[in-house]
Structure formats: structure tokens, C-alpha cells
Amino acid sequence: MAVQSRLRLKREHLSLLASIYARHRPLVQRGITVSFVFYVIASTYRGFSARPASSSSSSSKRKGKGKEADDTKPRVAVDALFYQRLSRILRIVIPSIRSKEALLLVMHSSLLIFRTVISLYVAALDGKIVASLVRAQPVPFLLNILRWLLVAVPATWTNSWLSYVQNKLALAYRTRLTQEVMKQYLGDDADPQDLKTFYKLANLDDRIKNPDQMITHDIQRFSTHLAAIYANVAKPVLDVILYNYQLSQNVGAEGLVLLTVLVQASAALLRALTPAFGQYTALSAQLSGNLRHTHSRLAEFAEEVAFFGGEETEKMLVEREYAGLVKHENYVLAKRWWHGCVEEGIVKWLWGSFGLCICAIPVFFKLPGVAALDMGGRTEGFVTNRRLLLSASDAFGRVMYSYKDLSELAGYTTRVATLLETMADVRKGKFDKALVSSASIEENAKILRGRGMVLESEEIQFENVPIVTPNGDILVRSLSFYVKPGQHLLIVGPNGCGKSSLFRILGGLWPVYGGVVRKPPASQFILIPQRPYLSLGTLRDQVIYPHSKEDMEARGITDDDLRAVLEVVQMENIVEREGGWDAAREWREALSGGDQQKIAWARLFYHQPKYAVLDEATSLVPPDMEGMMMEYATRLGITLLTVSHRPSLWKYHSMILQYDGQGGYVFTKLDAEKRLALQQEKEALDIKLLEVPKMKARLAELQEIAGERSRV
């Protein structure tokens with residue numbers, strides 16, 4: 001009896017609790033629903049919040065180790081560094097809340113909300129259609145079908161607009177980012193400093209091997225992922241909240257709590273099994289860039305490779321890069337395969353079974369406050385709830401997938417941010433370059449740590465300036481010389497002694513590691529190399545480069561004036577031969593080497609700078625033409641700094657800077673006649689010295705013959 005009384009007491013307590021719960025169930029339901037909303041937002045935030053990167057993905061800085069630096073994988077993770085970099089890039093692509101990009105983002109958000117509202121309406125309408133079928137009610141069925149067709153109009157309109165706005169948003173992001181990168185890469189009219197970042201990035205720093213791919217491909221992929229990640233995160237989170245709220249109204253918030261526990265447990269398992277797709281994406285982009293760079297080098301040096309017969313070597317290099325890319329892609333595919341199996345098994349099938357059980361709650365259990373339903377009502381509720389549950393499951397799956405998308409975005413963010421950070425360092429004069437072993441010697445390291453002064457002046461003067469290559473090789477420890485206007489300077493010396501390095505310091509391309517450099521601004525220099533640069537464009541563009549036709553006309557120069565310049569270099573017939581000034585060609589292929597050098601000289605006469613740097617600039621033109629161009633440059637008041645081994649040019653120069661190739665040099669006045677006489681005498685003695693071995697051999701023969709006769 002005591003046991004029965006205790007059981008009866010417990011049943012009474014349970015019935016009392018049930019009645020209390022039933023009376024306050026609406027309040028409890030609202031509390032659970034509000035808690036669920038906060039829980040979804042908080043868990044999403046935690047899922048995307050910064051987390052420490054694994055040690056395997058952390059990068060180490062290069063300290064002149066050369067090859068070792070190339071094997072360092074980029075640091076890629078959804079961590080604090082990623083969000084810091086993304087925030088910096090977002091300030092570039094969305095500069096203000098009144099910008100076009102912000103407006104597109106608002107449009108995108110509105111369309112996402114509108115589409116979710118339509119989905120809720122369609123879910124309810126779907127249940128009504130099935131219920132009218134079960135009840136065999138043709139008129140309600142036809143009316144519901146009509147509603148279905150009518151709602152298709154805004155639904156299709158919304159989906160098309162969503163795709164359009166997302167693509168416009170990606171294009172707007174890419175445009176903003178490309179403009180910012182190009183402003184730093186090639187300079188900006190509003191920036192008074194001419195930093196030549198594009199040159200220094202390629203020659204003075206080792207961090208960026210293929211800026212062309214980063215500017216074109218990586219920025220495009222980053223912009224596309226950034227535009228998509230908003231829809232892939234915001235829309236699913238909103239869907240999860242709205243669908244589950246409506247579902248809780250139909251099946252009760254208790255089922256929502258149970259479903260949340262089961263889904264979160266399986267989601268935690270799925271997150272633990274997700275590979276580091278962000279690091280894979282960044283490494284894939286890097287390997288693709290290396291392959292493209294290898295192909296571009298082959299195209300650039302095709303003639304040299306053909307002459308040397310280096311096809312097999314180049315093929316081996318290309319195949320090596322491709323094999324590394326294929327190996328990595330196969331590895332990633334294998335990871336994606338098993339991850340896809342686990343992902344679909346959990347998201348589609350396991351969560352689907354959870355959902356079906358939740359949908360069955362109103363059928364098998366009597367919910368407080370819910371009236372009994374007939375077969376049609378139960379069918380309508382089940383179909384509607386199942387539709388909502390499938391949509392909620394799909395939304396939660398997209399939330400899970402979005403972390404993978406976020407990891408891939410982290411990979412492209414790393415690439416773009418690395419480009420921006422490296423350009424910022426280069427603009428500040430901070431370089432990361434693999435150095436030669438001699439750079440670690442204390443005396444050399446002291447020079448590399450120093451910085452010199454660059455002052456603007458009408459003359460060129462170097463005072464105790466070391467000539468140092470980007471890899472830390474010190475060619476001349478202290479160079480001093482001067483060039484006054486009208487005093488042409490001849491520079492001679494063996495290969496690799498620092499002749500071209502001097503010009504790069506004058507042009508502001510290489511840093512000054514000590515001493516004082518006085519020089520005019522870079523706009524007063526023109527370089528004519530042995531193989532001149534010919535741009536893409538018309539014949540006129542080749543002569544006036546880098547000016548445009550509008551710049552030329554603003555200076556008051558006409559096409560007739562350009563023809564007069566071409567007459568000086570004896571190329572006036574090229575205008576008719578090529579079809580006029582507006583003819584466009586691949587001029588590097590259309591013109592011979594000698595004609596290319598003449599075009600470069602015509603460009604010099606058009607610009608008429610104060611100084612011209614000539615690096616074997618007359619090696620492919622006849623000597624008489626060479627002299628005529630030198631004399632005409634002198635008449636225009638252009639001071640020449642010439643690197644050449646032709647003795648015929650000596651008479652046009654008054655000063656000489658001669659390197660010995662061992663770190664020493666001589667700077668003095670040039671007596672062309674005396675030097676030419678000494679050169680001729682030296683050549684005569686060299687010829688005689690070449691005859692000495694032959695004379696000795698002949699003398700030995702005569703002595704042998706004379707010895708034989710004496711014995712006879």
C-alpha cells in the first residue's frame with residue numbers, strides 16, 4: 001500500500017507539473033524561441049570567430065636562405081590575422097556607407113530577406129495543396145495552384161536579381177581593389193613620389209614571384225568569394241532562424257530543442273573532420289602561378305632557348321611545375337571526396353531522419369493548445385513542416401558549408417593581403433631579398449644597414465656612394481665622380497663591375513646605401529638600352545612614349561615635327577612603309593634591331609631631357625649614323641652617360657669612368673686622341689705577341705735543321 005501511495009503521489013506531482021507547464025506553455029515557447037535565436041547567432045559568431053592558426057600553417061620570415069624560403073607554405077587560417085587582413089581589404093572595397101558597393105550590399109540583403117519570406121509562403125502553400133488533394137476539394141486545389149503560379153513571378157524575379165546583384169557586387173569589389181593595387185603598383189598622379197614599385201617588387205624583393213597572377217586571377221577570385229560569402233553566411237543564418245521559428249509554431253519548441261541538440265552534436269563531429277581547405281586553396285594558387293610563370297619565361301626567352309636547343313630542359317622545368325600542381329590537386333581531391341561523403345551522410349541523411357521524427361510529433365502526440373485535426377489537416381501540417389524542415393536543414397547545411405567557403409576566402413585573402421603588404425613595405429624601402437654569403441661579413445653588413453642621401457641638383461655627383469646589388473653583392477665600396485651639363489661621360493669596364501648598377505641608382509630604382517647622390521629628378525633622364533622597349537600601340541606611340549597623343553599636342557608638337565625627328569635618324573620612310581602614324585603593330589617583331597635603336601634615339605630627341613643614359617645604345621647602327629646621332633644630341637643640349645666598347649665613340653666624350661672589375665675605378669678627363677693612339681699601339685703589340693709562339697716554333701725548327709747539317 002505504501003508503494004502504491006508513493007506512485008500515486010508522484011503521478012499527482014507529474015500531472016500538476018504538466019498542468020502548470022500547459023498553462024504557461026506559450027510563455028515557455030516564446031522563451032525557448034528567443035533563446036534559440038540568440039543561440040544561432042552566438043554559435044555562428046563562435047564558429048567564424050578568430051582562432052589560433054596551427055603551427056604547421058605559421059610562416060617564417062626569410063633571412064636570405066634562398067631555396068629554403070621557396071618551400072615555406074603561406075599561413076592560411078580563419079584566425080585573428082585573417083580577420084585583420086579582411087578588415088583592411090573591406091575598407092578598400094567598401095570605402096563608405098554611401099558608396100555604390102554599400103548600396104549593392106543593402107539591395108542584396110533586402111532580396112535575401114524577400115526570398116526567405118517567399119519560401120515560407122511556398123511551404124505553407126505546399127501543405128494546403130496536398131491537403132486539398134487528400135480532402136478531394138477541386139476548387140481549393142485550383143485556387144492554390146493559381147496562387148502557386150502567381151507567387152512564381154516574384155520568386156523568379158528575386159532569384160534573377162540576386163544573381164545579378166551578387167555578380168555586380170563581385171565586379172565592384174574587383175574594380176575597387178584593382179584600382180588600389182594599380183595605384184600602388186604603377187603609381188598615382190596624385191602621389192608626388194615616383195617609387196617604381198612595379199620594378200622594385202620584381203627585382204629587389206623575393207616575396208612576390210608572380211604579381212601578374214595576383215593582380216589578375218587572385219583578386220578576381222577573392223572578389224567573387226567575398227561577394228558570395230555574404231549570401232552563403234547571412235542568408236542561411238536568417239533561414240535557420242525564420243524556418244525554425246515557424247517550425248516551432250507548428251510542432252512545438254520542445255521538438256526544436258531536441259533537434260538543435262542532435263544537429264549540433266553531429267555538426268561538431270563534421271567540423272572536427274573538415275580538412276584545412278583554406279591552406280589548400282592558397283597553395284593551389286601559388287603552384288598555378290609558378291606554372292604560369294615558367295610558361296611566360298619560355299615565351300619571353302624563346303629565341304635564346306631555340307638557339308641553345310634547350311627544349312628538353314625547359315620541358316623538364318614545365319613538367320616539374322605541372323607535376324607538383326597535379327600532385328597537390330589530387331591530394332585535395334582525395335580530401336574533398338571523403339569529406340563530401342561524410343558531409344552528405346550527416347547533412348542530408350542523418351539530419352533528414354531527425355527531421356522526419358520531429359515532423360511526426362503532432363501526429364503521434366497531443367500537443368497542448370492544439371486542436372485535433374482530420375486526415376487532411378494532419379497531411380497539411382506534415383507536408384508544411386517537412387518542407388520547412390528540409391529548408392531549415394538545407395540552410396544549416398549551408399551554414400556548415402560556409403565555413404569551408406570562408407576557409408577558401410582566407411586563402412585568397414592571404415594572397416591579396418600579401419601583395420598589398422609587400423607593396424607597402426617596398427614603398428617604405430623595406431625589402432626581403434636572399435643575400436649572397438659575403439653579405440654576412442661584418443664590414444659588408446655595416447654597409448647594407450646604412451642609408452645614403454639623395455638630393456636634387458642640376459648636376460650629377462656621387463660622393464662616397466657604395467654600389468650594391470639587390471642581393472647584397474658590393475661591387476664598389478665608395479664611388480665618387482661628377483658630371484656637369486655638357487660634359488659627356490664614358491663608362492667602361494668588364495661585365496658585372498657596376499656600370500648598369502650606376503644607372504639604376506641614378507634612376508631611383510635601387511636604394512642608396514651610403515654617401516650622397518646629387519642628381520636631377522628622374523623625369524630629366526632617359527635610358528636607351530641595347531634592346532629598347534617598344535610599347536603596345538601605334539607608330540606615333542613608339543616615338544613619344546610614355547606620352548599620349550594629347551600630351552604631345554599639349555606641347556605644341558605635330559606629326560610633321562615627329563617626321564623631322566625621324567629624318568634625323570634616317571627613318572622617315574617608315575611612316576609610309578607601315579601605313580601611317582596610327583598603324584599598330586607588334587613593333588618588337590616588325591622592326592629590326594637597328595631600327596629599334598633608331599626609334600629609341602628618335603624618342604630621345606622628342607623628349608630632349610637634360611641627361612641620357614646610353615647602354616650599348618648604338619651597337620646595331622652604322623658608325624656614321626652613330627656619330628651623327630651623338631652630335632645631334634649634343635646640339636640639343638643633352639648630356640650623355642654612355643656605356644660602350646666602341647673606340648669610335650671616345651671622341652664625343654670629355655670624361656671617363658673606368659672600372660677595373662675588382663672594386664676599384666678611375667675617374668678622369670678623357671683625351672680621346674691619346675687614348676685611341678694607346679689603344680692602337682696595344683692592339684699592334686697584341687698582334688705581335690700572338691706571333692711569338694709561331695716564331696719560337698720556327699726558331700726551334702731552324703735550330704734542329706742546323707744541328708742536323710752540322711752533324712753531317
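Scope of this entry: the structure provided in the associated data block. (Residues numbered from 1 in each chain as written. Predicted model: local features only at pLDDT ≥ 70, side-chain atom pairs only at ≥ 80, totals over all residues. Heavy atoms only, no water.)

## Things to note about the overall build of the protein chain
Spelled out, the test is: In DSSP terms, a helix is any run of H or I states spanning at least four residues, a strand is any run of E spanning at least two, and both are numbered starting from the N terminus. Classification of residues uses two cut-offs on accessible area relative to the type maximum, computed with a 1.4 Å probe and protein chains only: under 20% is buried, over 50% is exposed, and between them is partly exposed. Computed with the Shrake-Rupley method and a 1.4 Å probe, the accessible areas treat only the protein chains shown as cover for residues.
Tallying secondary structure elements over the protein chain gives 24 helices and 12 strands in all. Here the protein chain holds 712 residues, and the buried ones make up 41% of them. Per element, the accessible surface of the protein chain, about 38,800 Å² overall, is 59% carbon and sulfur.

## A few points about empty space enclosed by the protein
To be explicit about the condition: The method works on a 1 Å grid over the protein atoms by themselves. A cavity is a set of points holding a 1.4 Å probe that cannot get out, a pocket is an open set with protein on both sides within 12 Å along at least five of seven lines, and residues with an atom within 4 Å of a point line them. Grid points are joined across faces, edges and corners, and a volume is the space filled by probe spheres set on the points. Only Asp, Glu, Lys and Arg are considered charged, only Ala, Val, Leu, Ile, Met, Phe, Trp, Tyr, Cys and Pro nonpolar, and every remaining residue, Gly among them, polar.
Per the stated rule, a full pass over the model turns up two cavities of 30 Å³ or more. Of the volumes computed, that of the second largest cavity is approximately 30 Å³. At the level of elements, α4 (80-93) and α14 (375-427) are the ones that each hand at least two residues to the lining of the second largest cavity. Looking at the lining of the second largest cavity residue by residue, the class counts come to three nonpolar, no polar and three charged.

## Topic: the nonpolar core
Threshold: In this text, buried Ala, Val, Leu, Ile, Met, Phe, Trp, Tyr and Cys residues form a nonpolar core when linked through side-chain atoms within 4.5 Å. Any two residues whose heavy atoms approach within 4.5 Å at even a single point are treated as in contact.
Formed by 40 residues in total, the largest nonpolar core has its most connected members in Ile89, Leu177, Phe222, Leu226 and Leu420. Those elements that provide at least two residues to this core are α4, α5 (100-134), α6 (138-186), α8 (211-251) and α14. The leading source of residues in this core is α14, at 11 residues. Beyond its immediate stretch of four places on either side in the chain, Phe222 contacts Leu86, Ile89, Leu177, Leu409, Tyr412, Thr413 and Val416.

## A look at the sheet that holds strand β3 (residues 474-483)
Sheet strands pair via backbone hydrogen bonds, and the direction of the pair is either parallel or antiparallel. Note the following rule: The pairing criterion is simple: DSSP has to find at least two bridges between the two strands. To get an axis, fit a line to the C-alpha atoms, keeping to the stretch in contact for a helix; angles then go from 0 to 180 degrees between the N-to-C directions.
Read from one edge to the other, the open sheet built from four strands follows the order β1-β5-β2-β3, with strand pairing classed as mixed. The open sheet has two free edges, formed respectively by β1 (453-456) and β3, since each of these has just one partner strand. Neighbour to neighbour, the strand axes of the sheet diverge by 25° on average, direction disregarded. Summarising the sheet, β1 and strand β5 (residues 516-519) pair through four bridges and their orientation is parallel. Bridged to Leu455 within β5 is Arg518. Across the sheet, helix α15 (residues 442-449) lies against β2 (460-468) and β3, angled at about 50° from β3, the strand it touches most. The strands that helix α16 (residues 499-506) touches are β2, β3 and β5; relative to β2, the one it contacts most, it runs at about 120°.

## Looking at unusual backbone geometry
Residue Tyr545 is joined to Pro546 through a cis peptide bond whose omega torsion reads 5°. Along the chain, Pro546 falls in the loop between α17 (539-544) and α18 (549-554). A positive phi angle, near 55°, is found at Asn464, a position not held by glycine. Looking at where Asn464 falls in the secondary structure, it is placed in strand β2. Positive phi, normally seen in glycine, also occurs at Glu616, with a value near 50°. Turning to its location among the elements, Glu616 is positioned in the loop between β9 (611-615) and α23 (623-635).

## A short note on the packing of aromatic side chains
Using the following cut-off: Between 30 and 60 degrees the pair is tilted, below 30 it is stacked and above 60 it is edge-to-face, where a pair is any two Phe, Tyr or Trp rings, Trp via its six-membered ring, whose centres lie within 6.5 Å. For a lysine, the NZ atom is tested; for an arginine, the CZ atom; a charge sits over a ring if that atom is within 6 Å of the ring centre and within 35 degrees of the ring normal.
If you walk through the whole model with that rule in mind, you get 12 aromatic pairs. Seen in terms of ring centroids, Tyr280 and Tyr331 are 5.6 Å apart; in terms of plane orientation they differ by 85°. Their pairing is edge-to-face. Here Tyr280 is found in helix α10 (residues 277-300), whereas its partner Tyr331 is found in helix α12 (residues 311-359), with 51 residues between them in sequence. Classification of Tyr280 as buried rests on a relative accessible area of 14%. Exposure remark for Tyr331: the relative accessible area of 43% places this residue in the partly exposed category. Joined through ring pairs, the aromatic side chains of Phe462, Phe481, Tyr482 and Phe667 make up one cluster. One cation-aromatic arrangement involves Arg555 over Tyr606; the distance from NZ or CZ to the ring centre is 4.7 Å.

## So, the environment of His607
Put simply, the rule is: We call two N or O atoms a polar contact when they sit within 3.5 Å, provided that within protein one can donate a hydrogen and the other can accept it, with sequence-adjacent residues counted only if both atoms are side-chain atoms.
Examined against the element boundaries, His607 turns out to sit in helix α22 (residues 593-607). Excluding residues that lie within four positions of it along the chain, His607 makes contacts with Ile526, Ile544, Tyr545, Pro546, His547 and Arg555. Polar side-chain contacts of His607 include one of 3.4 Å to the backbone oxygen of Ile544.

## Observations regarding the sheet that holds strand β12 (residues 665-669)
Pairing is mixed in the open sheet, where six strands are placed in the order β6-β9-β10-β4-β11-β12. The sheet is open, and its two borders are formed by β6 (525-528) and β12, each paired with just one other strand. Sheet twist, expressed as the average angle between the axes of neighbouring strands with direction ignored, equals 15°. With five bridges joining them, β9 and strand β10 (residues 639-643) adopt parallel strand pairing. Residue pairing across strands places Leu614 opposite Thr642, the latter belonging to β10.

## Things to note about the packing of helix α19 (residues 559-568) against α22
Axis angle and axis distance: for two packed helices, these are the angle between their axes and the distance between the axes, and together they describe the pair. This is how it is decided: Roughly parallel means an angle under 35 degrees; roughly antiparallel means over 145; roughly perpendicular covers 65 to 115; every other angle is labelled oblique. By definition, turning the near helix anticlockwise from the far helix through less than a right angle yields a left-handed crossing, and turning it clockwise yields a right-handed one.
At a closest axis distance of 9 Å, the pairing of α19 and α22 adopts a crossing angle of 130°. Regarding the angle of α19 to α22, the classification is oblique. Viewed along their axes, α19 and α22 form a crossing whose handedness is right-handed. Between α19 and α22, the residues in contact are Leu562, Val565, Leu566 and Val568 and Ile599, Ala602, Phe605 and Tyr606, respectively. Taken together, the residues of the contact of α19 with α22 break down into eight nonpolar, no polar and no charged.

## Topic: the pattern of salt bridges
This is how the line gets drawn: By definition here, a salt bridge exists when the distance from a side-chain nitrogen of Lys or Arg to a carboxyl oxygen of Asp or Glu is within 4 Å.
The full count for this structure, using the stated rule, is 16 salt bridges. A salt bridge links Lys183 to Glu180; its shortest N-O distance comes to 3.4 Å. In this pair, Lys183 and Glu180 both sit in helix α6, three residues apart, roughly one turn of the helix. Among the residues examined, Lys183 registers a relative accessible area of 37% and is labelled partly exposed. Ionic pairing is found between Asp205 and Arg207, a salt bridge with its closest N-O pair at 2.8 Å. Connected via shared salt-bridge partners are Arg85, Arg88 and Glu421.

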